[in-house]
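Observations on the three-dimensional arrangement
Take a look at the letters that make up each chain.
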Amino acid sequence: MHSDAIDACFRRFQAANPNPTTELHYGNTFQLLIAVMLSAQTTDARVNIVTPELFAKAPDPATMLALGEEGIRQLIRSIGLFNSKARHIAATCARLVHDFGGNVPTRREDLESLPGVGRKTANVVLNTALRLPTMAVDTHIFRVANRTGMGRGRNVREVEEALLQSIPPQWLLDAHHWLILHGRYVCTARKPACSSCLIQDLCDAHQEKTLPLT
């Protein structure tokens, strides 16, 4: 996809959804971090079912740490991989309390040093909470980027770097949210809704009459 087409895509995304944001519910940066950790291999809708009670009992790292791994586990049992997630959340809260004064760090290196926090989670926090122009590539964005031709790559890091290079700077703050919503609701894996797609005429896959990457 040429640069002019990519710019046109994001102009259309903005017109349709001027203020995109995450579908995860949270009240502060710490809660966003925990919600993103919970969302691995789980839908945002499922995460939003369990976080109200979790955050009511533990709205910050100190109170979450006080719950302990078992207390966290009991509150997130309906989430996939709840055992490992409870272990990581407890360990992360211990780090936040003991090493970062109870605050979520603002440097990528520090975020990625937290148990259970990888590059994608760090990018979500940096972009959504701190409003930095990062690109958190999940399965939806990986598919959309390769399919449309916005940023092709063999793995998520290659796609992240390709998108950061190809997307005009004025769109980067919100690009993550537009792309993930597009992949979640329009450019889906098995039955993409091409007939209702805002950018169908600009998409490489449409022009090539093929839809790779299921």
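Residues numbered from 1 in each chain as written. Predicted model: local features only at pLDDT ≥ 70, side-chain atom pairs only at ≥ 80, totals over all residues. Heavy atoms only, no water.

1. Topic: the layout of surface pockets
Computed from the structure, the largest pocket encloses a volume of approximately 440 Å³. Together, 24 residues line the largest pocket, and Ser39, Asp44, Asp138, Ile180 and Arg184 are the ones closest to its centre. Of all the elements in the fold, those that place two or more residues in the lining of the largest pocket are helix H3 (44–57), helix H7 (119–129), helix H8 (139–148) and helix H10 (172–185). Sort the elements by how many residues they give to the lining of the largest pocket and H10 lands first, with six residues. The residue makeup of the lining of the largest pocket, split by class, is nine nonpolar, 10 polar and five charged. (1 Å grid on protein atoms, 1.4 Å probe; cavity = no way out; pocket = protein on both sides within 12 Å on 5 of 7 lines; lining within 4 Å. Points joined across faces, edges and corners; volume = space filled by probe spheres on them. Helix = DSSP H or I, 4+ residues; strand = E, 2+ residues; numbered from the N terminus. Nonpolar A, V, L, I, M, F, W, Y, C, P; charged D, E, K, R; others polar.)

2. Some remarks on the confidence of the model for the protein chain
Predicted confidence across the protein chain gives a mean pLDDT of 94, with 97% of residues reaching 70 or more. Of all secondary-structure elements in the protein chain, the lowest mean pLDDT belongs to helix H11 (residues 204–208), at 79, while helix H2 (residues 29–38) reaches the highest, 98. (pLDDT = per-residue confidence, 0-100.)

3. With respect to the packing of helix H1 (residues 3–16) against H10
With their axes 11 Å apart at the nearest point, H1 and H10 run at an angle of 80 degrees to one another. In terms of orientation, H1 lies roughly perpendicular with respect to H10. Contacts from Phe10, Phe13 and Gln14 of H1 reach H10 at Ala175, Trp178, Leu179 and His182. Of the residues assigned to the contact of H1 with H10, the class counts are five nonpolar, two polar and no charged. (Axes fitted to C-alpha atoms, helices over the stretch in contact; angles between N-to-C directions. Parallel < 35°, antiparallel > 145°, perpendicular 65-115°, else oblique. Contact = heavy atoms within 4.5 Å.)

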